[in-house]
Amino acid sequence: MELNYEPKSLKKVTFDVWTKAEILAESVCEVTSSKRTVENGAFTNVENSLRDPRMGPVDRLSVCATCGKKTGECNGHFGHITLTRAVYHIHFLRPVVQWLRAICHNCGEVLLKSIDFPTTKKRVHLMSHIMKTTNVHTKCPKCGIKAPKYAWSKEKQEIVRNNKVYNVTDVQEHLELIPASLLKLLNVVHPIHMILEVLPVPPPTVRPAILMGGTLVRGEDDLTYRLLQILRINQKLKRMIDEARPQHVVKTTRTALQIAISAYIDHKKGVGSSKSKEFSKEYTSLSQRLKSKEGRVRGNLMGKRCDFTARTVITGDDTLKMTEVGIPAKIAEILTVPVRVTDYNKAILTTQLREAKSPIQYLTNPNGDRYDLKFANKFSFELDVGWTVERHLQDGDIVLFNRQPTLHRGSLMAHTAKIAHPSQLTFTMNLSCTPPYNADCKFCFYSFPVFFF
Ligand SMILES: [Zn+2]
Ligand SMILES: [Zn+2]
């Protein structure tokens, strides 16, 4: 892929809740058609369907209607579904309920006794700390009304106030009473954005169809099926409301929509009755894509091989200093360290270069020409200041030693390398260094994969 961006330096990364306005701004099309996206082994190229060409190339031959790029070049563009009725996001129920408790529904007074930030060294979640029950008034100090009890009812799939359904529109109005200054002080997202009014539709690149050979389509991705379910229920609900159907009938469909969206986000989180559980098990969900060992983060992103790293098992060695790490000779010969030639190391490097079994593998001259000594005659070069040599790892080089999971900085520390006997194939370390890495040394030798940069 060709990138024409200027490189930028990142200072920090923050995560936020996608607001309705942001979803709409990002969206390239509204998905309204619940027509099947695949028929007779080919894509049905319908506008406003889940395979709208504006969200990305429909198949290998077509181009993206938004950016004009081909499959593999276009990253895809989000679309959106406008929900007939606002729906709770299953992962954000707790903050929504917490905020309802913290604000008087009658006069909008903040019912928190104090707003102090956690002071303990233990990690405390800011919201849980401020919203803890002992910090919330049970009676409004301004209007004197007794604060009702709010909870999420799994059975009703609604928020209940004193065991009665609290309408989602009322919940939204209630949340609008939160003073902006308080949110700013706490530096948290407005909980109103945690209730979905529009649902972002990920591009087809996120949910590719199952292809058979070339272009014959065998089936759709689980997420596409889930989105189709959501679309159908959403349309049914709209129809029912337009036709002014009886309340209890509308209610059932409303619950179905909530369940379908919850199941799309996370089908393993309590979705309610046994009937709806059946319905939710059929396909996988967004959360399952990311979570767990096989998920995107642990399965695809963490612990991948890259240049200047090696990975093997660790064992204990009491002859090493705490600052050292034993490195197998096999690894040391593959990993190279770029060293700039200076007045100080010129003599040593030249001697190393002339050795019969030279540790130097590559040379780069000041013009940037790189020579591989496997093919070039090493005696034809005269090292000088400004050259760069790439030599094997040797005793005393400083390396980073990491054992996953990298939970804190003690999981990734600098050690000096000590090249081990060629018969040794594991990284070795002083046993006193095991606690920060949380390396298990019950019997003193242990097999844990360790990274080494
Ligand atoms: Zn595109
Ligand atoms: Zn009040």
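In this text, all values refer to a predicted model and were calculated from it rather than measured experimentally.

### Some points on the overall build of the chain
At step 1: Broken down by element type, the chain carries 13 helices and 19 strands.
At step 2: When burial is assessed residue by residue, the chain has 25% of its 453 residues classed as buried.
At step 3: If you take every contact in the chain between residues at least 6 apart in sequence, the share linking residues at least 24 apart comes to 64%.

### Quick look at the sheet that holds strand β14 (residues 370-372)
At step 1: Taken in spatial order, the four strands of this open sheet run β12-β15-β13-β14, and their pairing is antiparallel. Looking at which strands have only one partner, the edges of the open sheet turn out to be β12 (336-340) and β14. Each adjacent strand pair in this sheet contributes to an overall mean axis angle of 25°, direction not counted.
At step 2: In this sheet, strand β15 (residues 388-392) lies alongside strand β13 (residues 360-364) in antiparallel orientation, the contact comprising four bridges. Within the sheet, the bridge partner assigned to T364 lies in β15 and is T388.

### Thoughts on unusual backbone geometry
One can expect most non-glycine residues to show negative phi and most peptide bonds to be in trans.
At step 1: Positive phi, normally seen in glycine, also occurs at Q157, with a value near 60°.
At step 2: Topologically, Q157 is positioned in the loop between β4 (150-153) and β5 (158-161).
At step 3: The exposure class of Q157 is buried, given the 23 C-beta atoms found within 10 Å.

### Considering the confidence of the model for the chain
At step 1: Residue-level pLDDT values for the chain average 83, and 87% of them are 70 or greater.
At step 2: Of the regions scoring below 50 in pLDDT, residues 442-453 engages in 40 contacts with residues more than four places distant in sequence or in other chains.

### So, the sheet that holds strand β6 (residues 164-165)
At step 1: The strand order across the open sheet built from three strands is β4-β5-β6, with neighbouring strands paired in antiparallel fashion. One side of each edge strand has no neighbouring strand; the edge strands of this open sheet are β4 and β6.
At step 2: Judged from the two bridges that link them, β5 and β6 form a sheet pairing that is antiparallel. Within β6, the residue paired with R161 across the bridge is K164.
At step 3: Across the face of the sheet, helix α2 (residues 93-102) comes into contact with β4 and β5 while running at roughly 155° to β4.

### A short note on the nonpolar core
At step 1: Judged by nonpolar contacts, the single largest core of 35 residues is most densely connected at L100, L227, I230, L257, A260 and I261.
At step 2: Sorting the residues of this core by element identifies β3 (79-88), α2, β7 (195-201), α6 (222-242) and α7 (247-265) as the ones contributing at least two each.
At step 3: The element that contributes the greatest number of residues to this core is α7, accounting for seven residues.
At step 4: Leave out the neighbours within four places in its chain, and L100 touches Y150, V171 and H174.
At step 5: L335, V399, F427 and Y437 belong to the second largest nonpolar core, which has 16 residues in total.

### Digging into the pairing of strand β16 (residues 398-402)
At step 1: A one-sided burial pattern is seen for β16, the buried positions being V399 and F401 and the unburied ones I398, L400 and N402.
At step 2: As judged from the five bridges shared by β16 and strand β17 (residues 412-419), these two strands associate in the antiparallel manner. Directly across from V399, in β17, lies its bridge partner H415.

### Structural notes on the packing of α6 against α7
At step 1: Where α6 meets α7, the axes come as close as 9 Å, and the angle between the chain directions of the two elements is 160°. Between α6 and α7, the crossing angle belongs to the class labelled roughly antiparallel. Our pair here, α6 against α7, has a crossing hand that is left-handed. The segment α6 lies against α7, with R226, L227, Q229, I230, I233, N234, K236, L237, M240 and I241 engaging V249, V250, T253, R254, A256, L257, A260, I261, A263 and Y264.
At step 2: Tallied by class, residues from the contact of α6 with α7 come to 14 nonpolar, three polar and three charged.

### Concerning the pairing of β13
At step 1: Two elements, β13 and β14, share three bridges in a ladder whose sense is antiparallel. Paired with Y362 across the two strands is D372, which belongs to β14.
At step 2: Between β13 and β14, which follow one another and run antiparallel, lie five residues, and G368 among them has a positive phi close to 95°.

### A few points about the environment of S128
At step 1: Along the chain, the position of S128 falls in helix α3 (residues 126-130).
At step 2: With 12 C-beta atoms counted inside 10 Å, the residue S128 sits in the exposed group.

### Considering α6
At step 1: Its 21 residues give α6 an end-to-end C-alpha distance of 31 Å, which sits within 8% of 30 Å, the value for a rise of 1.5 Å per residue.
At step 2: Buried within α6 are the following residues: L223, T224, R226, L227, Q229, I230, L231, I233, N234 and L237.
At step 3: Close packing links the buried residues of α6 with β3, β7 and α7.
At step 4: After α6 finishes, the residue A244 shows a positive phi value of roughly 50°.

### A look at the environment of R403
At step 1: By the secondary structure assignment, R403 is in the loop between β16 and β17.
At step 2: By C-beta crowding, R403 is classed as buried, having 24 other C-beta atoms within 10 Å.
At step 3: Once the C-alpha coordinates of R403 and A439 are considered, the two residues, 36 residues apart in sequence, prove to be 7.7 Å apart.

Conventions used here
Residues numbered from 1 in each chain as written. Chains lettered and ligands numbered in written order. Predicted model: local features only at pLDDT ≥ 70, side-chain atom pairs only at ≥ 80, totals over all residues. Helix = DSSP H or I, 4+ residues; strand = E, 2+ residues; numbered from the N terminus. Buried ≥ 20, exposed ≤ 12 C-beta atoms within 10 Å, placed from the backbone. Contact = placed C-beta atoms within 7 Å. Pairing = 2+ DSSP bridges. Axes fitted to C-alpha atoms, helices over the stretch in contact; angles between N-to-C directions. pLDDT = per-residue confidence, 0-100. Core = buried A, V, L, I, M, F, W, Y, C linked by C-beta atoms within 7 Å. Parallel < 35°, antiparallel > 145°, perpendicular 65-115°, else oblique. Left-handed = near helix turned anticlockwise from the far one by under 90°. Nonpolar A, V, L, I, M, F, W, Y, C, P; charged D, E, K, R; others polar. Expected span 1.5 Å × (residues − 1).

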